[in-house]
Amino acid sequence: MGLTLRQFPYLSTNRLLRVVLITMTVILGTASFVAAAPGYEAPRAARPVAIDGDLSEWRGGAPMVLGSAPAQVAHLPYWGGPLDLSAKGWVQWDRDFLYFAAEVTDNHVVMVQYDPFYIWGSDSIQIALDPRLDCAAEGYAQDDREYGWALVGGKSSTYCWQGTRAPGEMAEIESAIIINPDGHGWTLETAIPWEEIGTKPAVGLELGFSWLVNESDVEERDGWIEWTGGLGAEKSPTKFGRMVLAAHAVSATSSGESAVATAPRQKERISIAALG
């Protein structure tokens, strides 16, 4: 319905136009804000990924970078720049696993936890998944998953918080954590079974996703850097980014360098309900 002076007799033509322009600006600004959630296109793995902490087979894919935007470091008050803490993360997938890898730059690596429930209290990584993309606003829904990785008692360990269940449990998920020889960073590589996530993979499947890197320079958490909100300060999948399973694959060439092999892409989104 259009606006007319007859509806608003107390407004002049110029004032009515100003009201319309302000209203449209608010609407468009809100739409832009909603559309601004980060997205990531996860390539298909050309072959099963070796979980050994060597990230050479990931280099051909585009990383998610942490430590490059003010919002990402807002929960690390004494952040000293990318050499203090920053990270790159990648995701690949195949019919059996969702693979995740990260390369962390950290000027002082501390992993001293012996209680896996507090795996987040030292240097560690957490990721969160909203498999049904139902975007719970307050707390996790039953389908949501959160995973944490660190060295616990010197061993690469995974802890899982599933849905509304607490406190969580150690998960039998293959992972490898390698601390750099100079002590100024570390790598993580892991393979999460789709059965553990609770859904079936398909090209075009879209999931809610976020990840963060916890920072500890002593024996407790100093803060964290985070891809989106909804994971560190609160549990709110509505603030997650979006991850789409892509058809193209990242593969390694015979020379050890990485190349991107592209398969025809499916344009349609796949819903969980359609997968049975």
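One can find the structure itself at the top, above this paragraph.
Residues numbered from 1 in each chain as written. Predicted model: local features only at pLDDT ≥ 70, side-chain atom pairs only at ≥ 80, totals over all residues. Heavy atoms only, no water.

(A) View of the overall build of the protein. When helices and strands are tallied, the protein shows two helices and 14 strands. Taking all 276 residues of the protein together, the buried fraction comes to 46%. Nonlocal contacts in the protein, meaning residues at least 24 apart in sequence, comprise 62% of its contacts between residues at least 6 apart. (Helix = DSSP H or I, 4+ residues; strand = E, 2+ residues; numbered from the N terminus. Buried < 20%, exposed > 50% of the residue type's maximum accessible area, 1.4 Å probe, protein only. Contact = heavy atoms within 4.5 Å.)

(B) How the structure looks around the packing of aromatic side chains. Overall, the coordinates contain ten aromatic pairs when judged by the stated rule. An aromatic cluster of three or more residues is present, and its members are Phe 100, Tyr 147, Trp 149, Phe 209, Trp 211 and Trp 227. (Phe/Tyr/Trp six-rings, centres within 6.5 Å; stacked < 30°, edge-to-face > 60°.)

(C) A look at the side chain of Thr 228. Residue placement: Thr 228 occurs in the loop between strand E12 (223-226) and strand E13 (241-252). Residue classification places Thr 228 among the buried residues on the basis of a relative accessible area of 10%. Polar side-chain contacts of Thr 228 include one of 2.8 Å to the side chain of Ser 210. With residues near it in sequence (within four places) discarded, Thr 228 still touches Pro 38, Phe 209, Ser 210, Lys 239, Phe 240 and Gly 241. (Polar contact = N/O pair within 3.5 Å; in protein donor to acceptor, adjacent residues only side chain to side chain.)

(D) Focus on the pairing of strand E10 (residues 185-193). Taking burial as the measure, the nine residues of E10 include eight buried ones, the bulk of the element. Where strand E9 (residues 174-179) hands over to E10, the hairpin turn is made up of five residues, of which Gly 183 adopts a positive phi near 75°. (Pairing = 2+ DSSP bridges.)

(E) Seen up close, the layout of surface pockets. Of the voids in this model, the largest pocket is the one considered here, and its volume is about 250 Å³. Within the lining of the largest pocket, the residues separate by chemical class into six nonpolar, five polar and three charged. (1 Å grid on protein atoms, 1.4 Å probe; cavity = no way out; pocket = protein on both sides within 12 Å on 5 of 7 lines; lining within 4 Å. Points joined across faces, edges and corners; volume = space filled by probe spheres on them. Nonpolar A, V, L, I, M, F, W, Y, C, P; charged D, E, K, R; others polar.)

(F) How the structure looks around the pattern of salt bridges. Taken as a whole and assessed by the stated rule, the structure comprises five salt bridges. Across the pair Arg 95 and Asp 96 runs a salt bridge whose closest N-O atoms are separated by 3.9 Å. For Arg 95, a relative accessible area of 72% gives the class exposed. A salt bridge links Lys 239 to Glu 234, with the shortest nitrogen-to-oxygen separation between them at 2.2 Å. Residue Lys 239 is classed as partly exposed on the basis of its relative accessible area, which comes to 41%. We classify Glu 234 as partly exposed; its relative accessible area is 35%. (Salt bridge = Lys/Arg side-chain N within 4 Å of Asp/Glu carboxyl O.)

(G) A look at the nonpolar core. By size, the foremost hydrophobic cluster in this structure holds 57 residues, and its most contacted members are Phe 100, Ile 125, Phe 209 and Trp 211. Ranked by the residues each element gives to this core, the list is headed by strand E4 (residues 97-106), at six residues. Discounting residues that sit within four places of it in the chain, Trp 211 has contacts with Met 64, Leu 66, Ala 87, Lys 88, Gly 89, Phe 100, Ala 102, Gln 126, Ile 127, Glu 226, Trp 227 and Leu 231. The next biggest cluster of nonpolar side chains, apart from the first, holds six residues, and it includes Tyr 140, Leu 212, Trp 224 and Phe 240. (Core = buried A, V, L, I, M, F, W, Y, C linked by side-chain atoms within 4.5 Å.)

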